[in-house]
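# Coordinate analysis (summary)
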Amino acid sequence: MSEHRIDETCRYEEDFTIRNFNKMMDGKVVIVTGASYGMGKKMAQLMVEQGAKVFVTARGKEKLDAAIADIKEKTGGDITGITADSSRPEECKKVFEKALEAYGDIDVLINNAGKGELITIDAVSDEVIDQVVDTNMKGPLYLCREAVRYFLKKDSGNIINISSVNGIRPMCGAAYCATKGGLNTLTKNVAIRCTGTGVRCNAVAPGHTPSPTAYAHDDGGPQTLAEGVMNEVRNTRTVRSVHPWEIDQAYAVLFLASDMSRCINGEVLSVDCGCYL
């Protein structure tokens, strides 16, 4: 008679239960990049509300300080941060050093900092390519490298990259789409590297989500292919009538950051109301 045997390599108990859905991040330390406004700020606030100690970064000090003060006032939670440019490897290293100084540990990295654009491949300049690649691709590479080096030492950690549906359906600017496709591949590569450890890496791929950045692409300026931008192609989809909000992206990140998703690794979760199917 065959006997049911438990795989001794399994890292998780069978009867696991989330005990407190109001404090799913209790005791965790979370880094959120690009957190001075928009989705990043909403993610940081939700993490604080869920019990995490949060370390935020952004390039602009005034907006970052205002975001920290606002989140503290609304939540009464523990949040601090520094200005940092994630496209610079030395500043990515500093982010981890300062977060460890502040909280003594790091459990989750949310790579949210990014730069959007809608310029066609035939119209995009060298300058824009460099800016977008530096922010959207090099930044996550540098930060993932720092995170994996730290997380592997303690055999525990969680990375969440904020990608885009444009990494799957490339309807916006050429440079932007290329970096988001690359970020999806990086997510899977990091997950494969960390197979068999306590380190996970996933991505959230937002669809069109109303935010200051999104609105900036629609206010004035060129709108057609002939003018060298992808707006008219993007707008042929249902993104204007049905779309997620910043909080929807934050909830998806919370799921991936929490133990509810403990067996999910190397996945790209689209949050777009099905607009880009």
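Scroll up a little and you will see the structure.
In this numbering scheme, every chain counts its residues from 1 along its sequence in written order. It should be noted that, the model being predicted, local features are given only for residues of pLDDT at least 70 and side-chain atom pairs only at 80 or more, the latter also being counted only at that level, while totals for whole chains, interfaces and linings use all residues. Working from all heavy atoms in the structure, the side-chain values ignore hydrogens and water.

### Some details on the environment of lysine 42
Note the threshold: Numbered from the N terminus, helices here are DSSP runs of H or I no shorter than four residues, and strands are runs of E no shorter than two.
Turning to its location among the elements, lysine 42 is positioned in helix 1 (residues 38-49). C-alpha of lysine 42 to C-alpha of tyrosine 251: the two residues are 209 residues apart in sequence and 9.5 Å apart in space.

### Structural notes on the packing of helix 4 (residues 126-154) against helix 5 (residues 174-193)
Worth spelling out the cut-off: To define axes, lines are fitted to C-alpha atoms, for helices over the stretch in contact only, and angles between the resulting N-to-C directions are given on a 0 to 180 degree scale. Any angle from 65 to 115 degrees is called roughly perpendicular, while one under 35 is roughly parallel, one over 145 is roughly antiparallel, and all others are oblique. A contact between two residues is defined here by any heavy atoms of the two lying within 4.5 Å.
Contact geometry of helix 4 with helix 5 gives a least axis separation of 9 Å together with a crossing angle of 10°. Compared by their axis directions, helix 4 and helix 5 come out roughly parallel. Listed contacts from helix 5 to Ile129, Val132, Val133, Asn136, Met137, Pro140, Leu141, Cys144, Val148 and Leu152 of helix 4 are Ala175, Tyr176, Thr179, Lys180, Gly182, Leu183, Leu186, Val190 and Arg193.

### Comments concerning the packing of helix 1 against helix 2 (residues 61-75)
Put simply, the test is: Whether a crossing is left-handed or right-handed is set by the direction in which the near helix is turned from the far one by less than a right angle, anticlockwise for left-handed and clockwise for right-handed. Here the term charged refers only to Asp, Glu, Lys and Arg, the term nonpolar to Ala, Val, Leu, Ile, Met, Phe, Trp, Tyr, Cys and Pro, and the term polar to all other amino acids, Gly among them.
One way to put it is that helix 1 packs onto helix 2 with a least axis distance of 10 Å and a crossing angle of 35°. Handedness of the crossing formed by helix 1 with helix 2: right-handed. Contact residues: Lys41, Ala44, Gln45, Val48 and Glu49 in helix 1; Ala67, Asp70, Ile71, Lys74 and Thr75 in helix 2. A class-by-class count of the residues in the contact of helix 1 with helix 2 yields four nonpolar, two polar and four charged.

### Describing the packing of aromatic side chains
Geometrically, a pair of aromatic rings is defined through the distance of the ring centres and the angle of the planes. Under the convention used in this document: Only the six-membered ring of Trp is used, alongside the rings of Phe and Tyr, when aromatic pairs are assigned; centres must lie within 6.5 Å, and planes under 30 degrees apart are stacked while those over 60 apart are edge-to-face, with the rest tilted. Any Lys NZ or Arg CZ that is within 6 Å of a ring centre and within 35 degrees of that ring's normal is treated as a charge sitting over the ring.
Within the structure shown, the criterion is met by one aromatic pair. Sitting above the plane of the tyrosine 37 ring, lysine 63 keeps its charged end 5.3 Å from the centroid.

### Focus on the layout of surface pockets
Remark: the empty space left among the atoms is shown by a probe the size of a water molecule rolled over them. Note the cut-off: Residues are called lining when one of their atoms sits within 4 Å of a cavity or pocket point, these points coming from a 1 Å grid over the protein atoms alone, where a cavity is a set in which a 1.4 Å probe fits but cannot get out and a pocket is an open set with protein on both sides within 12 Å along at least five of seven lines. Grid points are joined across faces, edges and corners, and a volume is the space filled by probe spheres set on the points.
Estimated volume of the second largest pocket: approximately 310 Å³. Residue lining of the second largest pocket: 15 residues in total, with Lys28, Ser156, Gly157, Gly198 and Asp259 positioned closest to the centre. A breakdown of the residues in the lining of the second largest pocket according to their chemical character gives three nonpolar, five polar and seven charged.

### So, the nonpolar core
The condition that has to hold: The definition of a nonpolar core used throughout is a set of buried Ala, Val, Leu, Ile, Met, Phe, Trp, Tyr and Cys residues joined through side-chain atoms within 4.5 Å. Summary of the burial criterion: residues with accessible area below 20% of their type's maximum are buried, those above 50% are exposed, and those between are partly exposed, where the area comes from a 1.4 Å probe applied to protein chains only.
By size, the foremost hydrophobic cluster in this structure holds 32 residues, and its most contacted members are Val30, Met47, Val54, Val56, Ile110 and Ile160. Contributing elements (two or more residues each) for this core: strand 1 (29-32), helix 1, strand 2 (53-58), helix 2, strand 4 (108-111), strand 5 (157-162) and helix 8 (246-257). Dropping the residues within four chain positions of it, isoleucine 160 is found in contact with Val108, Leu109, Ile110, Asn111, Asn202, Val204, Val253, Leu256 and Ala257. Core analysis: the next-biggest nonpolar cluster, separate from the first, contains 27 residues, Val29, Phe96, Ala147 and Val190 among them.

### A few points about the sheet that holds strand 5
In a beta sheet, neighbouring strands are held together by backbone hydrogen bonds and run either parallel or antiparallel to one another. For the record, the criterion: Strands pair, by our definition, only if DSSP identifies at least two bridges between them.
The sheet built from seven strands is open, its strands ordered 3-2-1-4-5-6-7 with parallel pairing. Each end of this open sheet is capped by a strand with a single partner; those strands are strand 3 (79-83) and strand 7 (268-271). Across the sheet, the axes of successive neighbouring strands diverge by a mean angle of 20°, strand direction being ignored. Across five bridges, the pairing between strand 2 and strand 3 is parallel.

### With respect to the side chain of threonine 120
Here threonine 120 lies in the loop between strand 4 and helix 4. Exposure remark for threonine 120: the relative accessible area of 7% places this residue in the buried category. Once residues lying within four places of it in the same chain are set aside, the contact partners of threonine 120 are Ala174, Leu225, Gly228, Val229 and Met230.

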